[in-house]
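# Results of the structural survey
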2 protein chains.
Amino acid sequence: MIHNFNAGPSILPKEVFEEASKSILNFNDTGLSILELGHRTSIFEAVLEEARLLVKELMQLNDDKHVLFLHGGASTQFFQVPMNLLNEHETGAYLDCGVWGIKAIKEARLFGNVEVIASSKDRSYTYIPKDYIIPAQAKYFHYTTNNTIEGTELFNIPQTNIPLVADMSSDILSHQMDFNRFGLIYAGAQKNIGAAGVNLVILDKYMLKGIERKLPSMMDYRLHIENGSMLNTPPVFAIYVCLLTLRWLKKQGGVAGIEKINREKAALLYKTLDAHPVFRPTVALEDRSRMNVVFVMDDAEKEKEFQALCKKENMVGVKGHRSVGGFRVSLYNALPLESVKAMTGLMEDFARH
Amino acid sequence: MIHNFNAGPSILPKEVFEEASKSILNFNDTGLSILELGHRTSIFEAVLEEARLLVKELMQLNDDKHVLFLHGGASTQFFQVPMNLLNEHETGAYLDCGVWGIKAIKEARLFGNVEVIASSKDRSYTYIPKDYIIPAQAKYFHYTTNNTIEGTELFNIPQTNIPLVADMSSDILSHQMDFNRFGLIYAGAQKNIGAAGVNLVILDKYMLKGIERKLPSMMDYRLHIENGSMLNTPPVFAIYVCLLTLRWLKKQGGVAGIEKINREKAALLYKTLDAHPVFRPTVALEDRSRMNVVFVMDDAEKEKEFQALCKKENMVGVKGHRSVGGFRVSLYNALPLESVKAMTGLMEDFARH
């Protein structure tokens, strides 16, 4: 058995692969492949609508929220968000907690003022800043809920009256939150929602008032809302894989159900790491991500040995991001507990020798 | 047997479906699904590289051409092209031959001057204007090689010293052309290249000089070139389906081989339409598309009858676009000659009764 700890694109449920594979040959007994279906057919419209409704149900969204499936990954949202929300003379407040936040900040500067209100750069992004003041005149406050590369996660929603905007690419649907507190949420699909090639964007219409800029049609959220994510040919198959993954999530007891397993997976892995000093988790205790567990070893030779051992035991995707080094073990929704147990077993063996 | 005449997303070769279906369960004997592969693995890098090289080979591109696979469909290129090529005080020359050209023109106006140098609006876009002068001071000349909705096609490359930019979404790789004559070519994949969810963009670096505008990273062709289409997580599966389709095309004898069959398919269909006055092709003889054959009937009752007959005989996707009405029969590369024969057989039967 292969244990897939990839940081994204990453493991999806086995039944999603099986169903997707079948639908490429014959979708819902239409005799046609999902890849050759016109996007304006009632068959695909039903796929899109079910996916949209499942997002609303699983996230318990109120009726003011619009659910969009858009082209591009979160990197496209880094600029599409300020392009739609920020006039040139207005200010967006940003939290700087690592690579993805930095990129979001860089793109936002093209469209308005950016105020970086706190940063964990001083300690190599190994923690989440806690004491900061969100300026009352800011148009919105943007943060990354989970830092895939650095392995930190922000579990509590910041207290503020400013509209919240969050990049939830790597922990969306992994634990319960009041998603209605956000003015805009975006997430590349390729971790907890589906395969690479589509963006989930959830937004409240009140966010879209007062923009002075003329927007290219494909960048204009208002047009995507009016056209129900069908302004142009959507990424049909990627949306279909989202639907399959969302259906699977519902069967796991939804977000509450998966949170229970995710907590168990992360607790087991961190407990094992903490018990064996050969491994050194890099992140502050209270900010440890339940999705991406990052650790190093103080001995470079031992790191190589453990890498080789993982490879031998079919554990893929465990190499740390080049900016951090060491290891990163990703525990997204679809990763089974048994894969974590296999990994902790290996760690214990390794620590004993 | 189902005959799929969809205008896009549209039919792809059977062996592409079979191979894609297998790879979702187990890609190249890795034991992993193509959907859960990290995009920075050597396995996916090999997919991307082979796809890129096949495009260069099949289109006989010279070494100055860069081949990119980008997020979004042609609609994204409508604005990405002028955003990258046109300064505010500069002029882009555009040909207006229908719905897609109009959209491209609309987006370009956001970034610079647009000069529409000819239009076939006067006769409902049923022909391609021939006598026009491309202004020598224009930065580029943009046109749509095939008008999917109106059923016109521009086979000859316009004579000009201005750099050519073409939207080839619906006829790319369907017939031989000197693709090196173009400064920039773009095409949504979902007709002749693969499935929906990725854009093929081919451009010459000389096109990218002198832009004064600051570009969002994801919109900047220069960054995509530097990063080899891996500036962010690319649409992995959509690119893989392109690779499979390009491999298939090579086995058909490449562009020259498929052109022969495409000519045969279109000739047979138009011949049948012309032989039976109940059908009325809408497009001027010399501008008839070989990809999208558009026709109407003068009798609304008969149209309904023929629609019903097509449905009964498992011929899907033949309804004309709402802006034109009647019928549209799409004959993309992957549509077998036997589907055209089945359609012409049906037409002859229908005309006789």
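Residues numbered from 1 in each chain as written. Chains lettered and ligands numbered in written order. Predicted model: local features only at pLDDT ≥ 70, side-chain atom pairs only at ≥ 80, totals over all residues.

### Observations concerning the overall build of chain A
Helices and strands together make up the secondary structure of chain A, namely nine helices and 14 strands. Computed over the C-alpha atoms, the radius of gyration of chain A is 21 Å, within 12% of the 20 Å expected from 2.2 N^0.38 for a compact globule of 353 residues. Along the first, second and third principal axes, the C-alpha set of chain A runs to 60 × 55 × 30 Å. Here chain A holds 353 residues, and 53% of them are scored as buried. For chain A, contacts bridging at least 24 residues in sequence account for 67% of all contacts bridging at least 6. (Helix = DSSP H or I, 4+ residues; strand = E, 2+ residues; numbered from the N terminus. Rg over C-alpha atoms; globule rule 2.2 N^0.38 Å. Buried ≥ 20, exposed ≤ 12 C-beta atoms within 10 Å, placed from the backbone. Contact = placed C-beta atoms within 7 Å.)

### Topic: the interface of chain B and chain A
Between chain B and chain A, the contact holds 47 residues from the first and 47 residues from the second. Taken together, the elements giving at least two residues each to the side of chain B that touches chain A come down to α1 (14-25), α3 (74-85) and α6 (236-251) of chain B. No other element matches the five residues that α1 of chain B contributes to the side of chain B that touches chain A. In terms of residue class, the side of chain B that touches chain A is made up of 23 nonpolar, 21 polar and three charged. (Nonpolar A, V, L, I, M, F, W, Y, C, P; charged D, E, K, R; others polar.)

### Things to note about the sheet that holds strand β11 (residues 280-281) of chain A
All names here are of chain A. Strands sit in the order β11-β12-β14 across an open sheet of three strands; the sheet is antiparallel. A strand with exactly one partner marks an edge of an open sheet, and here the two such strands are β11 and β14 (327-330). Its contacts with the sheet place helix α7 (residues 254-275) against β11, β12 (292-296) and β14, and it is angled at close to 10° to β12. (Pairing = 2+ DSSP bridges. Axes fitted to C-alpha atoms, helices over the stretch in contact; angles between N-to-C directions.)

### What about the pairing of strand β12 (residues 292-296) of chain B?
All names here are of chain B. Most of β12 sits out of view: four of its five residues are buried. With two bridges joining them, strand β11 (residues 280-281) and β12 adopt antiparallel strand pairing. Paired with proline 281 across the two strands is phenylalanine 295, which belongs to β12.

### Observations concerning the sheet that holds strand β10 (residues 199-204) of chain B
Residue and element names in this part refer to chain B. Read across the open sheet, the seven strands follow the order β2-β10-β9-β8-β5-β3-β4; overall the sheet is mixed. Two strands lie at the open edges of the sheet, namely β2 (65-70) and β4 (113-119), each paired on one side alone. Between one strand axis and the next, the sheet turns through 20° on average, direction left out of account. Where strand β3 (residues 91-96) meets strand β5 (residues 140-144), three bridges bridge the pair, whose relative direction is parallel. Paired with tyrosine 94 across the two strands is histidine 142, which belongs to β5. Contacting β3, β5, β8 (164-167), β9 (182-188) and β10, α3 crosses the sheet at an angle of about 155° to β9.

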